[in-house]
Number of protein chains: 2
Amino acid sequence: MTHPDFQPCTHNLTPPATRIINLPGDYGQTDFVMRLGGRLAQVQVGYETWGTLSRNQDNAILIFTGLSPTAHAASNEEDDTAGWWEYMVGPGKAIDTDRFFVVCVNSLGSCFGSTGPSSHDPATGKPYGGNFPELSIEDIAKAGHHAMRELGVDHVHTVIGPSMGGMSALAYALQYPDELDYLLVISAACRALPFTIAVRSLQREIIRCDPGWQGGNYELDAEPLCGMRLARKLGLMSYRAAQEWRQRFNRARVPAHRASDEMFGVEFEVESYLEYNAKKFVGTFDANSYLYLSRAMDLFDVAEHGGTVNAGLARVHVRRTLVIGVESDILFPLEQQEEIVTGLNKAGREAELVVLPSIQGHDSFLVDAERFSPVVQEFFAQI
Amino acid sequence: MTHPDFQPCTHNLTPPATRIINLPGDYGQTDFVMRLGGRLAQVQVGYETWGTLSRNQDNAILIFTGLSPTAHAASNEEDDTAGWWEYMVGPGKAIDTDRFFVVCVNSLGSCFGSTGPSSHDPATGKPYGGNFPELSIEDIAKAGHHAMRELGVDHVHTVIGPSMGGMSALAYALQYPDELDYLLVISAACRALPFTIAVRSLQREIIRCDPGWQGGNYELDAEPLCGMRLARKLGLMSYRAAQEWRQRFNRARVPAHRASDEMFGVEFEVESYLEYNAKKFVGTFDANSYLYLSRAMDLFDVAEHGGTVNAGLARVHVRRTLVIGVESDILFPLEQQEEIVTGLNKAGREAELVVLPSIQGHDSFLVDAERFSPVVQEFFAQI
């Protein structure tokens, strides 16, 4: 299904097993019409799959990702490297690929196979850069929806999403209420709180202030790396939890041979941890993709689908929703997962909240297999 | 007492009532010897005073400030503009200048009258810039101590400090245990936790990554303003609390006439608030002072005064210590104020913790007069 004209993303780091679907545009239209007014003449979606679609097409799971992952959620036949949710997705695992046909899509606006700012604009032959149209979470959900249709799936068993993916999953349920049965939303929210908006706004500004950003029109081999590195550090600080760092690092100093010579350079282990992880990220993700996806999260608001958050949630009428939240999450705090469940329950929908005491903050779903696996396993066991 | 050769700080924004003392160096030395090995040939301390020193010199209060304030804690005869702690310091107020002789010092390393990186190095005639010696909280305490001596005060009734000033106050009590009677520590800590170190480390790196920083040797009229603006925004995010912003801003958008034309520019009120406050700060504080003071806070550790935090605290033997902490403080969380009181109590010292439910986070002491005033008033009423 890989399209011969596919333009690789900035860094060409699209995972080897990621396939590409060309969307036909909106139904009845040539273009893919964006929620906030823009249009894309060609849209591609990167995706990976696990398991087999049943004859009556009733076992399809769609996974939306957080801001930065690829569609490579787990190892598969074409790519045996571990995916970002390796512990969760696979044969006999909580998202059981012996039972389900699992699809994970790279988000529209990202850079791992799906159309985004680093893709070539067919009108100019150059990357969209800062000319990419304003992106919304609803657009990401729509691209995922259209991709499933192209894959021959008209009705999805369960839509799943952690973090930004949870917003995309909600947007899916809001836009295609009759085309899914179950919903699993992890560490996400109906809409961002001002503290979270502030964190992301500052991350974006740090990138925009890097002279290398060039108003979004940097050359793809001359990215705003310094801005990206610092923005990622701020991200890491919001993804993890103070308590975890206290246990892991406390005030440990780096040994002399790893200490920095720079003025005010790395001295504490926590600084070294941030430096290591930020450097690992930089160069693997397109700066403009980061900006567009980050802003889309700020803008997303379930209340736009009905006037209030509860009126929006009332439009979700899946058979059952499971929401998982983590006590130590400062980016999408627990009250936001409670809001989803309370709103659904008020509308008479079956929805359950599971609160986990993981200490890894917003990132817990990526690392706390011990706590997350049984909850997701139980959810599917009951269906 | 203003020294004729006094070199104004970067921006020459030293408040009009701030006077300057020239320290004679350490006792028995010409130089002021820094804890981490450096030396300063000339040290000046900016300070302001309120009230009158009693004949037997038993009513002196010394206030250390947080990272960025001047010595102008409150209005006085020479400067009737409101100070940073106007509600707290004055005739009949909680820190009663009818009863006490109150001195507030600008911290060593700052830029409002005290020697810091923007001061001229007598050896070169140029600003120290990045050649300023490594600074510690203990040095700030020592400069304050020596300034009091020069003012004729050998024994201080109470040493007070909020935030970084609380660390300076602890360092004062550790270094001059017989020269004070009471201690009042607000929203401070015995040592920084890794999350707090991470916040400050990233602030410093944002400044250092601004091309204008020039390794610390920028021209004083060509500062790294963009880096300072972004670092200040991160500061504001750590000083305030998510809950307060939810109440104040929630998801309010700025009206069209205030919206930014820039890509990814200001759209939400919380972004506008950060922009306004960061711009107000930039250009009023020397970037290198920010870096040196920020790092000093990371390095400070009561455990260095005895092997463990509790052994350090056991060296503090004032008559009574009051520690105030705020529930919503994420920068110096409550457990850190508890640690001070627990440690002092273990050593048999009289120490009390007052926990306030203020919602303004670490900054509460600056703005929550209603809660802070009565607690401080009561403390002095009991003495």
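Refer to the structure printed above.
Residues numbered from 1 in each chain as written. Chains lettered and ligands numbered in written order. Predicted model: local features only at pLDDT ≥ 70, side-chain atom pairs only at ≥ 80, totals over all residues. Heavy atoms only, no water.

**A short note on the interface of chain B and chain A**
Okay, so step 1: Residue-level contacts link 52 residues of chain B with 52 residues of chain A.
Okay, so step 2: A buried area of about 4,600 Å², summed over both sides, lies between chain B and chain A, and 62% of it is on carbon and sulfur atoms.
Okay, so step 3: Linking chain B to chain A there are 16 salt bridges.
Okay, so step 4: Summed over the shared surface of chain B and chain A, the number is 30 residue pairs in polar contact (both at pLDDT 80 or more).
Okay, so step 5: Of all elements in the fold, only helix 3 (194–209), helix 4 (225–239), helix 5 (242–248), helix 6 (269–281) and helix 7 (287–299) of chain B reach the threshold of two or more residues within the side of chain B that touches chain A.
Okay, so step 6: Looking at which element gives the most residues to the side of chain B that touches chain A, the answer is helix 3 of chain B, with 12 residues. (Contact = heavy atoms within 4.5 Å. Buried area = accessible area lost by both parts, 1.4 Å probe. Salt bridge = Lys/Arg side-chain N within 4 Å of Asp/Glu carboxyl O. Polar contact = N/O pair within 3.5 Å; in protein donor to acceptor, adjacent residues only side chain to side chain. Helix = DSSP H or I, 4+ residues; strand = E, 2+ residues; numbered from the N terminus.)

**Some points on the relation of the copies chain B and chain A**
Okay, so step 1: When chain B is brought onto chain A, the operation consists of a screw motion whose angular component is 180° and whose axial shift is 0.0 Å, with 0.0 Å RMSD remaining. Here the copies are linked by what is in effect a two-fold axis.
Okay, so step 2: When you check the interface residues of chain B against chain A, 98% turn up at the interface there too, and the contact is symmetric in its surfaces. (Least-squares fit on C-alpha atoms with pLDDT ≥ 70 in both.)

**Remarks on the sheet that holds strand 10 (residues 180–186) of chain B**
Residue and element names in this part refer to chain B.
Okay, so step 1: Read from one edge to the other, the open sheet built from eight strands follows the order 1-4-8-5-9-10-11-12, with strand pairing classed as mixed. Across the chains shown, the open sheet's two edge strands, defined by having one partner strand only, are strand 1 (19–23) and strand 12 (351–356). Across the sheet, the mean angle from the axis of one strand to that of its neighbour is 25°, orientation sign disregarded.
Okay, so step 2: With five bridges connecting them, strand 1 and strand 4 (residues 43–50) associate as antiparallel partners. Bridging across to strand 4, Leu 23 finds its partner in Val 43.
Okay, so step 3: Where helix 11 (residues 369–382) meets the sheet, its contacts fall on strand 5 (60–64), strand 9 (156–162), strand 10, strand 11 (320–326) and strand 12, and the angle it forms with strand 11 comes to roughly 170°. (Pairing = 2+ DSSP bridges. Axes fitted to C-alpha atoms, helices over the stretch in contact; angles between N-to-C directions.)

**Description of the sheet that holds strand 12 (residues 351–356) of chain A**
All names here are of chain A.
Okay, so step 1: The strand order across the open sheet formed by eight strands is 1-4-8-5-9-10-11-12, and the pairing between neighbours is mixed. With one partner strand each, in any of the chains shown, strand 1 (19–23) and strand 12 form the two edges of the open sheet. On average, each strand axis in the sheet is inclined to that of its neighbour by 25°, with strand direction left out of account.
Okay, so step 2: Of the strand pairs in this sheet, strand 10 (residues 180–186) and strand 11 (residues 320–326) are connected by five bridges, and their pairing is parallel.

**Considering the packing of helix 1 (residues 137–150) of chain B against helix 2 (residues 164–175) of chain B**
All names here are of chain B.
Okay, so step 1: Between helix 1 and helix 2, the shortest axis-to-axis distance is 8 Å and the interhelical angle comes to 70°. Put simply, helix 1 runs roughly perpendicular to helix 2. From helix 1, Ile 137, Glu 138, Ile 140, Ala 141, Lys 142, Gly 144 and His 145 reach across to helix 2, where they touch Met 164, Met 167, Ser 168, Ala 171, Tyr 172 and Gln 175.
Okay, so step 2: Of the residues in the contact of helix 1 with helix 2, the class split is seven nonpolar, four polar and two charged. (Parallel < 35°, antiparallel > 145°, perpendicular 65-115°, else oblique. Nonpolar A, V, L, I, M, F, W, Y, C, P; charged D, E, K, R; others polar.)

**A word on the environment of B:Ala287**
Residue and element names in this part refer to chain B.
Okay, so step 1: Secondary-structure assignment places Ala 287 in helix 7.
Okay, so step 2: In sequence terms Ala 287 and Ile 20 are 267 residues apart; their C-alpha atoms lie 22 Å from each other.
Okay, so step 3: In this view, Ala 287 contacts Ile 207, Tyr 218, Glu 223, Pro 224 and Met 228; residues no more than four positions away in its chain are not counted.

**Quick word on the side chain of B:Asp96**
All names here are of chain B.
Okay, so step 1: Among the secondary structure elements, Asp 96 is positioned in strand 7 (residues 95–96).
Okay, so step 2: Despite its burial, Asp 96 pairs with no opposite charge; the closest candidate is Arg 99, at 6.8 Å N-O.
Okay, so step 3: Sequence-distant contacts of Asp 96, defined by excluding residues within four places in its chain, comprise Gly 90 and Pro 91. (Buried < 20%, exposed > 50% of the residue type's maximum accessible area, 1.4 Å probe, protein only. Lys, Arg positive; Asp, Glu negative; His and termini not counted.)

**A few points about the pattern of salt bridges**
Okay, so step 1: Across all of its chains, the model carries 60 salt bridges over all chains by this definition.
Okay, so step 2: A:Lys93 is the salt-bridge partner of A:Glu86, the closest N and O atoms lying 3.9 Å from each other.
Okay, so step 3: A:Glu335 is the salt-bridge partner of B:Arg246, the closest N and O atoms lying 2.2 Å from each other. Residue B:Arg246 is located in helix 5, and its partner A:Glu335 is located in helix 9 (residues 334–346); the two belong to separate chains.
Okay, so step 4: The class for A:Glu335 is partly exposed, based on a relative accessible area of 31%.
Okay, so step 5: Connected through shared salt-bridge partners, A:Arg200, A:Arg204, A:Arg295, A:Asp298, B:Arg253, B:Glu267 and B:Glu271 make up one network.

**Details of the state of the cysteines**
Residues and elements named next belong to chain A.
Okay, so step 1: The full count for this structure, using the stated rule, is zero disulfides over all chains.
Okay, so step 2: Cys 104 takes part in no disulfide bond, and the closest cysteine sulfur, belonging to Cys 111, lies 14 Å away.
Okay, so step 3: When its relative accessible area of 0% is taken as the criterion, Cys 104 is described as buried. (Disulfide = S-S within 2.5 Å.)

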